[in-house]
Amino acid sequence: MSTPAAEHPSIEILSLYATGDLPFVQRFRTSVHVRHCAACEQHVLTFQSTKAELRREAQGEVLTGYEAIADWQALEADMLGNIRVGVAASRCIENVGRRSRLGFRLAWGTGMAALFMAGWVARVPADESGRLISALRHVVGLEQPAFNGTVLRSTRDGISVKARGATLTILHPQSAVISMSGPASVTARYVDDDSGQVTITNVYGQ
Amino acid sequence: MSTASNLRFISLTALLLLLAPVVSHAADEKGKWFGVEFPHDSPVVSVGFDFGPSTITSRGPSIVIDLHAALTLRNVGTKPICGLTLRVEAQDLSPHGRGSVIKPSLFVLPGEEFPVKVDMQLVRPISAARSESAMVQVTIDCALFSDLKAYGPDKLNSKRTLMVYEMEARRDRQFLTRLLDGGRLPELREELNFGNQDFIPRQLGLELLTGPRTISSREQALAVSPVNFPKGPVQPLGGAAQVAGNEVRAPRVDIRNVSKLHVVSVAMGWIVRDGHGTDFVAGALTSRLPIGPVQTSFISEAGTLRFSLPSGAPMVIDRLMTFVNDVEFADGTVWIPSRDDIDAATQDYILRRELATSPEEQRLASIYRREGTDGLKKELKRVSLSNSKPN
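Here the structure is a predicted model, which means the values were calculated and not measured.

**Student:** I tried to follow the overall build of chain B on my own but got confused; where do I start?
**Tutor:** Within chain B, the regular secondary structure consists of seven helices and 19 strands. Burial analysis of chain B (391 residues in total) assigns 38% to the buried set. Put simply, 67% of the contacts in chain B that link residues at least 6 apart link residues at least 24 apart.

**Student:** It is not clear to me how the overall build of chain A should be interpreted in this structure. Could you clarify?
**Tutor:** The helix and strand inventory of chain A stands at seven helices and six strands. Listed by position from the N terminus, the elements making up chain A come as α-α-α-α-α-α-α-β-β-β-β-β-β. Counting every position in chain A, which comprises 206 residues, the buried fraction comes to 29%. When contacts within chain A are restricted to residue pairs at least 6 apart in sequence, long-range pairs at least 24 apart make up 47% of them.

**Student:** Help me understand the nonpolar core in this model?
**Tutor:** What tends to happen in soluble globular proteins is that the nonpolar side chains get buried as a cluster. Counting residues in each nonpolar core, the largest one holds 102 residues, and the members touching the most others are L122, A143, V266, M268 and A282 of chain B. Discounting chain neighbours no more than four positions away, the residues touching A282 of chain B are S179 and M180 of chain A together with L204, W270, I271, V272 and F307 of chain B.

**Student:** How should I be thinking about the interface of chain A and chain B in this particular structure?
**Tutor:** Many analyses report the size of an interface as the accessible area lost when the parts associate. Taken residue by residue, the interface counts 59 residues in chain A and 66 residues in chain B. Counting only elements with at least two residues in the side of chain A that touches chain B, the list comes to α6 (98–123), α7 (126–139), β1 (151–154), β2 (158–163), β3 (166–171), β4 (177–182), β5 (185–191) and β6 (198–205) of chain A. The biggest single contributor to the side of chain A that touches chain B is α6 of chain A, with nine residues. In terms of residue class, the side of chain A that touches chain B is built from 29 nonpolar, 23 polar and seven charged. Where β3 of chain A lies against strand β7 (residues 113–125) of chain B, four bridges are found, and the strand directions are antiparallel. By the bridge assignment, T169 of chain A is partnered in β7 of chain B with Q121 of chain B.

**Student:** Looking at this structure, I do not really get helix α3 (residues 158–181) of chain B. What am I missing?
**Tutor:** Spacing of three or four residues puts side chains on the same side of an α-helix, whose turn is 3.6 residues. Relative to the 34 Å expected for 24 residues at 1.5 Å per residue, α3 of chain B spans 34 Å between its end C-alpha atoms, a close match to the ideal helical length. One or two steps after α3 of chain B, the chain reaches G183 of chain B, where phi turns positive at roughly 65°.

**Student:** Quick question: what am I supposed to make of the environment of R288 of chain B here?
**Tutor:** Along the polypeptide, R288 of chain B turns up in strand β15 (residues 279–291). Spatially, the C-alpha atom of R288 of chain B lies 8.7 Å from that of A267 of chain B, the residues being 21 residues apart in sequence.

**Student:** What should I look at first to understand unusual backbone geometry in this one?
**Tutor:** Across residues other than glycine, the phi torsion is negative in most instances, and most of the peptide bonds are trans. All names here are of chain B. Unlike most non-glycine residues, S105 shows phi in positive territory, near 50°. A tally of 23 C-beta atoms within 10 Å means that S105 is categorised as buried. Positive phi is not limited to glycine here, since F107 has a value of about 55°. Turning to its location among the elements, F107 is positioned in strand β6 (residues 97–108).

**Student:** So what exactly am I meant to see when it comes to the environment of A313 of chain B here?
**Tutor:** By the element assignment, A313 of chain B lies in the loop between β17 (304–308) and β18 (317–329). For the pair A313 of chain B and L204 of chain B, spaced 109 residues apart in sequence, the C-alpha separation works out to 10.0 Å.

**Student:** Would you take a moment to explain the pairing of β5 of chain A for this structure?
**Tutor:** For a regular strand, the rule is simple: side chains alternate between the two faces of the sheet. Residue and element names in this part refer to chain A. Most of β5 sits inside the fold, with seven of its seven residues counted as buried. Neither face of β5 is left uncovered, since the one carrying S185, T187, R189 and V191 and the one carrying V186, A188 and Y190 both have all their residues buried. One ladder, built from five bridges, connects β4 with β5; its direction is antiparallel. Counterpart to M180 in the pairing with β5 is V186. Between the end of β4 and the start of β5, which pair antiparallel, lie two residues. Across seven bridges, β5 lies against β6 in antiparallel orientation. Within β6, the residue paired with V186 across the bridge is V203. Adjacent in sequence and paired antiparallel, β5 and β6 are bridged by six residues, among which G196 carries a positive phi angle near 75°.

**Student:** Which parts of the structure should I look at to understand the confidence of the model for chain B?
**Tutor:** As a note on interpretation, predicted positions should not be read in detail where pLDDT is low. Across chain B, pLDDT averages 83, with 85% of residues at or above 70. Throughout residues 18–28 of chain B the model reports pLDDT below 50, and contacts reaching past four residues in sequence, or to other chains, amount to 15 contacts.

**Student:** Would you mind going over the pairing of β6 of chain A with me for this structure?
**Tutor:** Of all eight residues making up β6 of chain A, eight are buried, and the element is well covered by its neighbours. In β6 of chain A, alternate side chains face the same way, and those of V198, I200, N202 and Y204 of chain A on one face and T199, T201, V203 and G205 of chain A on the other are all buried. Pairing of β6 of chain A with β6 of chain B, which is carried by six bridges, proceeds in the antiparallel orientation. Counterpart to V203 of chain A in the pairing with β6 of chain B is G99 of chain B.

**Student:** Would you mind showing me how to read the environment of N75 of chain B here?
**Tutor:** Residue and element names in this part refer to chain B. As for its position among the elements, N75 is in strand β4 (residues 62–75). Given 22 C-beta atoms within 10 Å, N75 falls into the buried group. With near-sequence residues (within four places) excluded, N75 lies in contact with P43, V44, I81, V108, L109, P110, G111 and E112.

**Student:** I'm lost on the confidence of the model for chain A in this one. Help?
**Tutor:** Considering every residue of chain A, the mean pLDDT works out to 77; 75% of them sit at 70 or more. In the model of chain A, helix α4 (residues 65–70) of chain A stands out as the element of lowest mean pLDDT, 52, in contrast to β6 of chain A, which has the highest, 90.

Calculation rules
Residues numbered from 1 in each chain as written. Chains lettered and ligands numbered in written order. Predicted model: local features only at pLDDT ≥ 70, side-chain atom pairs only at ≥ 80, totals over all residues. Helix = DSSP H or I, 4+ residues; strand = E, 2+ residues; numbered from the N terminus. Buried ≥ 20, exposed ≤ 12 C-beta atoms within 10 Å, placed from the backbone. Contact = placed C-beta atoms within 7 Å. Core = buried A, V, L, I, M, F, W, Y, C linked by C-beta atoms within 7 Å. Nonpolar A, V, L, I, M, F, W, Y, C, P; charged D, E, K, R; others polar. Pairing = 2+ DSSP bridges. Expected span 1.5 Å × (residues − 1). pLDDT = per-residue confidence, 0-100.

Structure representation (structure tokens):
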């Protein structure tokens, strides 16, 4: 049975499979593939025979100096092959598990960040967000130092006084006319639809 | 702290933010947050209040108190009340900030009841300390009677404010009565915006910063042009202000007392012209400034003003003008410009209208819009009778 090339395990995976160093799930998947793929089976057999040869050498079948020199090219090829397999295997072992751990951390971190952002948007007043952004801009030198005194401000919905971290807003309809009414006072004036009376609201700072 | 610990901390914070409960208090519990208190000798007392859709919620690191209190007050004094100022104080802002609700043009006879609404929002850090007293306290600052005498601690200089409103109201009622009695209905219609429901006076956004701050390098000196009321007891001579974009800082105006009376305070009105040539009456700044007869002095303000259009876009300041809005004399009397003074001050029709628009005229225009000429006549007659009652 032929298998599309795109589905072949990489040479690193095959080398690890040949030496029995793959994790269980990957080993099972690779063995299923190797059983049905002649090319990959050939790779595995090559790796296994090389491994057996190396083991034999390690067990005392050491070449004499003369033999080694006589068969220098074969020895060199073996040594280079071993080094390549070793390096590939070590890289493969490094990546196996790390990818999945990294993926998990990334997903968890993204989820937590999304949760945090949702919480922030839903719960933290725009004023507080603005202050935080302003502080960050100040830290990176994009903004002048924040004003620490009392701030009186008019918005479409009300006039407010902000001091000591608290804000008092006296609300008014959008038709209200805003003006200043003293050196530290802002005024809103409107006709109350229900009572027909004029209402004038003020906020004062010191 | 390791990455894992950091992430655990962030996730816990996120959960706390998401799961922070919305705290809704029953009406009786709202009393702990909102208090109404009048002195025992007050000419007005609270005979009832309703909290309506008020809520108290936690939002992130802050607590948000949304109060919509409808008070019913009764005149328990012996004189008609024509103006009232209620002081709104929040313990978190004291003594740096406070608010007030003013009811001018009231005409409440002894024994009569009248409604006052206080719609407000207080945002405070959850961690801020809290005392036993109500978080927001409403009390009387000043009540002005029809004989222009006043009651109250007057911590907000309300007596002067109410007096100016009342004098403007009397001036405008007199003017409209003259138009009605003289059958000058086209002028009356024009004065009251033709009963147009969509008419809203020119609006602007304001931000007032008090306390020390960094001075912008873009600042330029801009001359302040005086708008003179020919018969005014105090005349503006001119001045200057530092302007940068939509910010005005340290305005200074030279003035001269041309009357024979001692002046104790002057309110300078300000007109701002934007880049399109539109004038906005920005309001009036009152300064306590003793000036003897025929003396010259100057008024300066330390704060910074930022102007914006109703849309929130910064307003480019092209020109600044100033006029004397009202003058308080040492004998307690107050001068305001008459209709003739306003007519003589400027040829600009729209500016003239802006200068003449008082709270009372706004109220009467609303009655005219809803009830026509007959409703206006009836209201002017009612107020005239209220004011003629013996004190």
